[in-house]
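These are the residues of each chain, in order.
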Amino acid sequence: MRNSSYDVVIAGAGPAGLSLAAAFSGAPLRIALVERAPSSELANPQFDGREIALTQASIQRLQRLGAWQRLTPSEIAPLLKARVHNGASPFALNFVSRRRDEPIGALVPNCAIRRVLFETVREQTNCITIDGHAVASIRTDAAAAHVVLADGDTLDAQLAVAADTRFSSLRQSQGITARMFDFGRSMLVCRMEHTRAHNQVATEWFAHGQTIAMLPLNGAMSSFVLTLPMREMDALAQFSPGAFAAEAQRRTLGRWGAMKLASARHVYPLVAVYANRFVAQRFALMGDAAVGMHPVTAHGYNFGLRGATTLAALNSTGTRAR
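Predicted model only: the values in this text are computed from it and were never measured.

Chemist: Any chance you could break down the layout of surface pockets for me, citing the residues and the numbers?
Modeler: The calculated volume of the second largest pocket comes to roughly 360 Å³. Together, 16 residues line the second largest pocket, and Phe278, Leu285, Met286, Ala290 and Gly307 are the ones closest to its centre. When contributions to the lining of the second largest pocket are tallied by element, the ones reaching two or more residues are β19 (283–285) and α8 (300–316). Sort the elements by how many residues they give to the lining of the second largest pocket and α8 lands first, with seven residues. When the residues that make up the lining of the second largest pocket are grouped by side-chain class, the tally is 11 nonpolar, four polar and one charged.

Below you can see the structure in the form of structure tokens.
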């Protein structure tokens, strides 16, 4: 049953919002998580092409939240090494774990992360999910934050948190400006089968007019990530599966052998965002609403997860999170 008064109201049940709600588990607080999508979509999010490179620190945080343990083995692809090339140069930057006997991280589908976090949050006794509702606006005063839903209902909270994407309207409603940079490029992501082994090594290289990453998944499959100017991407996205596979093989210089498209293709515009403030009166930003990073960094969700655990710890116990 929905109340009208909470300690924390979180707007947005993406990975960052879900992580924050999960981080409040066990705290003597009343949490409301508001999301425009229905619970059926939250429980079974569809594959969106994105594979998230999780650091060991993020894996440990997800373990402490009780979410990591819910992933199936097939959803976790160990990442042993990362290699970055610059154009045709024979030299590369190599990244390995300080402990040579462990991976530097793991690749997990974004949809799987969302699913297990929602499963975790759904079992919490101190959190209610208000699905199928959008947050229309947030007003704050010295006493409370007043979260107005699209249907006119108002939820009062000691703290309102916006986790509603890098184009956050709630951030704007609090007078928080943000620096945005439109790269004028698009990112295409999909899964590709290939005949040569990737050896669990992620490869990324910057070439004239394009950036490519091959992220190793389980078996003879990788996540293919291609960044191009928007016009070029619009044309490429229309290629037939066979023609697209041939083009991917050409663009990767045949390093992975013969290639075959193994999933739907997803295209995303590239816009980086950095809010000029992360907090206001009884208000905080989380995830992409605070910092929307270029995916080349591979740290967008890692950064958001760390922020979620820190914010929850500071508001639950007054101590700083690890």
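Picking up after the structure, the text goes on.
Chemist: How would you explain a nonpolar patch on the surface if you had to name every residue and give the values?
Modeler: A surface patch of nonpolar side chains, about 270 Å² in accessible area, is lined by Tyr274, Phe278 and Val279. Tracing the chain through its elements places tyrosine 274 in strand β17 (residues 266–275). Using a relative accessible area of 37% as the deciding quantity, one classes tyrosine 274 as partly exposed.

Chemist: Explain the sheet that holds strand β4 (residues 77–79) to me, using residue names and the numbers behind them.
Modeler: Read from one edge to the other, the open sheet built from three strands follows the order β3-β7-β4, with strand pairing classed as antiparallel. Taken across any chain shown, the strands that pair with only one partner, and hence form the sheet edges, are β3 (51–55) and β4. Across the sheet, the mean angle separating the axes of adjacent strands is 30° when strand polarity is ignored. Pairing geometry for β3 and strand β7 (residues 105–109), over five bridges, is antiparallel. For alanine 53, the partnering residue across the bridge sits in β7 and is leucine 107. On the sheet, helix α4 (residues 110–122) packs against β3 and β7 and is oriented at approximately 85° with respect to β7.

Chemist: Tell me what's going on with the nonpolar core, and back it up with residues and numbers.
Modeler: Grouped together as the largest cluster of nonpolar side chains are 41 residues, with contacts concentrated most on Leu54, Leu62 and Val161. Considering each element in turn, this core owes the most residues, six residues, to α4. For valine 161, the contacting residues outside a window of four places in its chain are Val8, Val9, Ile10, Ala11, Leu20, Ala284, Met286 and Leu311. Ile130, Val147, Leu285 and Ala290 belong to the second-largest nonpolar core, a separate cluster that totals 23 residues.

Chemist: Quick rundown of the pattern of salt bridges? Include the residues and the values.
Modeler: This model, assessed by the stated rule, comprises 10 salt bridges. As a salt-bridge pair, arginine 30 and aspartate 7 come within 3.7 Å of each other at their nearest N and O atoms. Highlighted residues: arginine 30 in the loop between α1 (15–23) and β2 (31–35) and aspartate 7 in strand β1 (residues 5–11), separated in sequence by 23 residues. When its relative accessible area of 19% is taken as the criterion, aspartate 7 is described as buried. Between glutamate 51 and arginine 191 there is a salt bridge, and its shortest N-O distance comes to 2.7 Å. In this pair, glutamate 51 sits in strand β3 while arginine 191 sits in strand β12 (residues 178–194), placing the two residues 140 residues apart along the sequence. When its relative accessible area of 23% is taken as the criterion, arginine 191 is described as partly exposed.

Chemist: Let's hear about the packing of aromatic side chains: which residues, and what values?
Modeler: How two aromatic rings sit relative to each other is given by the distance of their centres and the angle of their planes. Counted under the stated rule, the structure contains four aromatic pairs. A centroid spacing of 6.1 Å and a plane angle of 75° characterise the contact between phenylalanine 224 and phenylalanine 244, whose relative ring orientation is edge-to-face. Placement of phenylalanine 224 in strand β15 (residues 221–229) and of phenylalanine 244 in helix α7 (residues 241–251) is noted, with a sequence separation of 20 residues between them. Side by side, phenylalanine 224 and phenylalanine 244 carry an identical accessibility label, which is buried. Taking the ring centre of tyrosine 268 as reference, the NZ or CZ of arginine 50 above it sits at 4.7 Å.

Chemist: I'd like to hear about helix α3 (residues 56–65), residue by residue, with values.
Modeler: Every buried residue belonging to α3 is among Ser58, Ile59, Arg61, Leu62 and Leu65, and all of these are buried. The buried residues of α3 occupy an angular sector of 160° when the element is viewed end-on, so they sit on one face. Those residues of α3 that are buried are in contact with α1, β3, β7, α4 and α8. Within two residues after α3, glycine 66 carries a phi angle of roughly 85°, on the positive side.

Chemist: Break down the environment of serine 222 for me, citing the residues and quoting the values.
Modeler: Within the secondary structure, serine 222 sits in strand β15. A relative accessible area of 1% means that serine 222 is categorised as buried. In the structure, serine 222 is positioned 30 residues away from methionine 192 in sequence and 5.5 Å away in space, judged by C-alpha atoms. Sequence-distant contacts of serine 222, defined by excluding residues within four places in its chain, comprise Cys190, Arg191, Met192, His194, His198, Met214, Leu215, Pro216 and Leu217.

Conventions used here
- Residues numbered from 1 in each chain as written.
- Predicted model: local features only at pLDDT ≥ 70, side-chain atom pairs only at ≥ 80, totals over all residues.
- Heavy atoms only, no water.
- 1 Å grid on protein atoms, 1.4 Å probe; cavity = no way out; pocket = protein on both sides within 12 Å on 5 of 7 lines; lining within 4 Å.
- Points joined across faces, edges and corners; volume = space filled by probe spheres on them.
- Helix = DSSP H or I, 4+ residues; strand = E, 2+ residues; numbered from the N terminus.
- Nonpolar A, V, L, I, M, F, W, Y, C, P; charged D, E, K, R; others polar.
- Patch = residues over 30% accessible without salt bridge, like charges linked within 9 Å, V, L, I, M, F, W, Y side chains within 5 Å.
- Areas by Shrake-Rupley, 256 points an atom, 1.4 Å probe, with all protein chains shown as cover.
- Salt bridge = Lys/Arg side-chain N within 4 Å of Asp/Glu carboxyl O.
- Buried < 20%, exposed > 50% of the residue type's maximum accessible area, 1.4 Å probe, protein only.
- Pairing = 2+ DSSP bridges.
- Axes fitted to C-alpha atoms, helices over the stretch in contact; angles between N-to-C directions.
- Contact = heavy atoms within 4.5 Å.
- Core = buried A, V, L, I, M, F, W, Y, C linked by side-chain atoms within 4.5 Å.
- Phe/Tyr/Trp six-rings, centres within 6.5 Å; stacked < 30°, edge-to-face > 60°.
- Lys NZ or Arg CZ within 6 Å of the ring centre and 35° of its normal.
- Arc of directions from axis to C-beta.

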